[in-house]
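Architecture and fold: a report
The residues making up each chain are set out below.
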Amino acid sequence: MIVSRFAPSPTGGLHLGHAWSAIQAHDRARDHQGRFLLRIEDTDVTRSRPEHVAGILTDLEWLGLGWDEMSAQSERLALYDAALDRLRDDGLAYPCFCTRAEIAREVAASLHAPHGPDGPLYPGTCRAIDPATRAERMASEAFAWRLDAGEAARRAGPLSWTDELAGTMPVAPRLLGDLVLKGKDRPASYHLAVVVDDAAQGITHVVRGRDIMPSTHAHRLLQAALGLPEPIYRHHALVLDAEGNRLAKRHGAPTLADWRYEGMDGIALVERLRIGELPFGFRLGQA
Ligand code: GLU
């Protein structure tokens, strides 16, 4: 049975891009009598707000997209800790004491700082700390946990994923470098939580925007490191505004709540989106 999910972060109001993504995920399961789950990704404790969770539920109801089960990542932290324990026991995670400023200084001083899709990658400063110093610093300093991506990649061997739209995608396991698994003030990183949940919730089809594709390289690496099953992916085209920008608050994108207050019919909106008709001023980006 197909199981898909819509996994918004409650850090702001949903906009047309979220509606588009929710429809893709919902219909991928529902068209085959599958299950559609709603997962609130609220591990970013400083930016998540209960009023945005309430807004997400109201928006989805307005769109007529019903879900079979709802969960919140903040209630599943023990699962992420267990996964981190496993990576640590396997020698694939290490504590990182660096501050943002220290990382920026290190990157600026290095001639060959590796770069990822969002800029310079963590240069691996804390990976080489000797065990005694590490234990001492853990007792007195704040630290995050990072994945040893190089070692995980070496153990995993060649990886790929199946994408319903892009085909077979070879994985670049070090694309995001030694990513954070647990932050100094974040109980689990997005990457760790999403990979653990997709497996624990039996997600067979991960339907999400193309903008998240770079993360999928890291997700496949984490799945291999944790011995988790590999879902099928479907990275759909993004909704763009008239200037070709991805929708975001900072570009003044209207929220679904704005449209609801204006009296727009959510069900009619979804019917139009399903036949590929976007509201005036919006278009789809590259598939
Ligand atoms: N929580 C992520 C977001 O709101 C989506 C994660 C996913 O679908 O894997 O962008």
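Everything here concerns the structure above.
Throughout what follows, the structure given in this document is the object of discussion. (Residues numbered from 1 in each chain as written. Predicted model: local features only at pLDDT ≥ 70, side-chain atom pairs only at ≥ 80, totals over all residues. Heavy atoms only, no water.)

**Focus on the overall build of the protein chain**
Looking only at helices and strands, the protein chain has 10 helices and 14 strands in total. For 287 residues, the compact-globule formula gives about 19 Å, and the C-alpha radius of gyration of the protein chain, at 20 Å, lands near that figure. Expressed as lengths along the three principal axes of its C-alpha atoms, the size of the protein chain is roughly 65 × 40 × 35 Å. Residue burial in the protein chain is summarised as follows: out of 287 residues, 49% are buried. Within the protein chain, residue pairs in contact and separated by at least 24 positions form 80% of the contacts whose partners lie at least 6 positions apart. A total accessible area of about 13,800 Å² is found for the protein chain, and carbon and sulfur atoms account for 52% of it. Averaging the locations of the 33 positively and 38 negatively charged side chains of the protein chain gives two centres separated by 3 Å. (Helix = DSSP H or I, 4+ residues; strand = E, 2+ residues; numbered from the N terminus. Rg over C-alpha atoms; globule rule 2.2 N^0.38 Å. Buried < 20%, exposed > 50% of the residue type's maximum accessible area, 1.4 Å probe, protein only. Contact = heavy atoms within 4.5 Å. Areas by Shrake-Rupley, 256 points an atom, 1.4 Å probe, with all protein chains shown as cover. Lys, Arg positive; Asp, Glu negative; His and termini not counted. Charge placed at Lys NZ, Arg CZ, Asp CG, Glu CD.)

**Thoughts on the sheet that holds strand 10 (residues 180-182)**
With antiparallel pairing, three strands are arranged side by side in an open sheet as 4-7-10. The open sheet is flanked by strand 4 (93-96) and strand 10, the only strands paired with a single partner. Within the sheet, the average angular offset between the axes of one strand and its neighbour, ignoring direction, is 45 degrees. Looking at chain direction, strand 7 (residues 144-147) and strand 10 are connected through two bridges and run antiparallel. Residue pairing for strand 10: Trp145 is matched across the bridge by Lys182. (Pairing = 2+ DSSP bridges. Axes fitted to C-alpha atoms, helices over the stretch in contact; angles between N-to-C directions.)

**Thoughts on the site of the ligand**
Residues in close proximity to the ligand include Arg5, Ala7, Pro8, Ser9, Glu41, Tyr190, Val194, Arg208 and Ile212, which together make up its full environment. In this structure, Arg5 approaches the ligand through a side-chain N or O atom, which is 2.8 Å from an oxygen atom. The separation between an oxygen atom of the ligand and a polar side-chain atom of Tyr190 is 3.0 Å. Coverage of the ligand by the protein amounts to 78% of the 300 Å² it exposes when considered alone. Across the shell around the ligand, the residue classes tally to five nonpolar, one polar and three charged. (Near = heavy atom within 4 Å. Polar contact = N/O pair within 3.5 Å; in protein donor to acceptor, adjacent residues only side chain to side chain. Nonpolar A, V, L, I, M, F, W, Y, C, P; charged D, E, K, R; others polar.)

**Notes on unusual backbone geometry**
You will see that Gln33, though not glycine, has its phi angle at about 55 degrees, which is positive. Here Gln33 shows up in the loop between helix 1 (16-30) and strand 2 (35-40).

**Focus on helix 10 (residues 266-274)**
Listed in full, the buried residues belonging to helix 10 are Gly266, Leu269, Val270 and Leu273. Projected down its long axis, helix 10 carries its buried residues within an arc of 95 degrees, all on one side. Of the surrounding secondary structure, the elements contacted by the buried residues of helix 10 are helix 1, helix 2 (50-63) and helix 9 (256-261). The distance from a side-chain oxygen at the start of helix 10 to the backbone nitrogen of Ile267 is 3.0 Å, and the residue carrying that oxygen is Asp265. Trailing helix 10 by a residue or two, Gly276 shows a phi angle of about 80 degrees, which is positive. (Arc of directions from axis to C-beta.)

**Looking at the pairing of strand 7**
Of the two faces of strand 7, the one lined by Ala144 and Arg146 and the one lined by Trp145 and Leu147 are each fully buried. Here strand 4 runs beside strand 7; their pairing, made up of four bridges, is antiparallel. By the bridge assignment for strand 7, Ala93 is matched with Leu147.

**Remarks on the nonpolar core**
One finds Leu87, Leu147, Leu179, Leu181, Leu192, Leu221 and Leu222 to be the most contacted residues of the largest nonpolar core, which totals 35 residues. Elements with a contribution of two residues or more to this core: helix 3 (77-89), strand 7, helix 6 (149-156), helix 7 (190-200) and helix 8 (213-226). Among the elements that line this core, the one with the most residues is helix 8, at six residues. With residues near it in sequence (within four places) discarded, Leu192 still touches Tyr80, Ala83, Leu84, Leu87, Leu181, Leu222 and Leu226. (Core = buried A, V, L, I, M, F, W, Y, C linked by side-chain atoms within 4.5 Å.)

**Some details on the pairing of strand 12 (residues 232-236)**
Summarising the sheet, strand 11 (residues 205-209) and strand 12 pair through five bridges and their orientation is parallel. When the sheet's bridge partners are listed, His205 is paired in strand 12 with Ile232. Chirality of the crossover, the property in question, places the unit of strand 11, helix 8 and strand 12 among those that are right-handed. (Right-handed = clockwise from strand over helix to strand, strands pointing away.)

**Points about the packing of aromatic side chains**
Inspection of the entire model under this criterion finds four aromatic pairs. Plain terms: the ring middles of Phe143 and Trp145 are 5.8 Å apart, the flat faces sit at 85 degrees to each other, and that makes the pair edge-to-face. Look at Phe143 and you get partly exposed, because its relative accessible area is 23%. Seen from their ring centres, Trp161 and Tyr233 are 6.2 Å apart, and the 65 degrees between their planes marks the pair as edge-to-face. (Phe/Tyr/Trp six-rings, centres within 6.5 Å; stacked < 30°, edge-to-face > 60°.)

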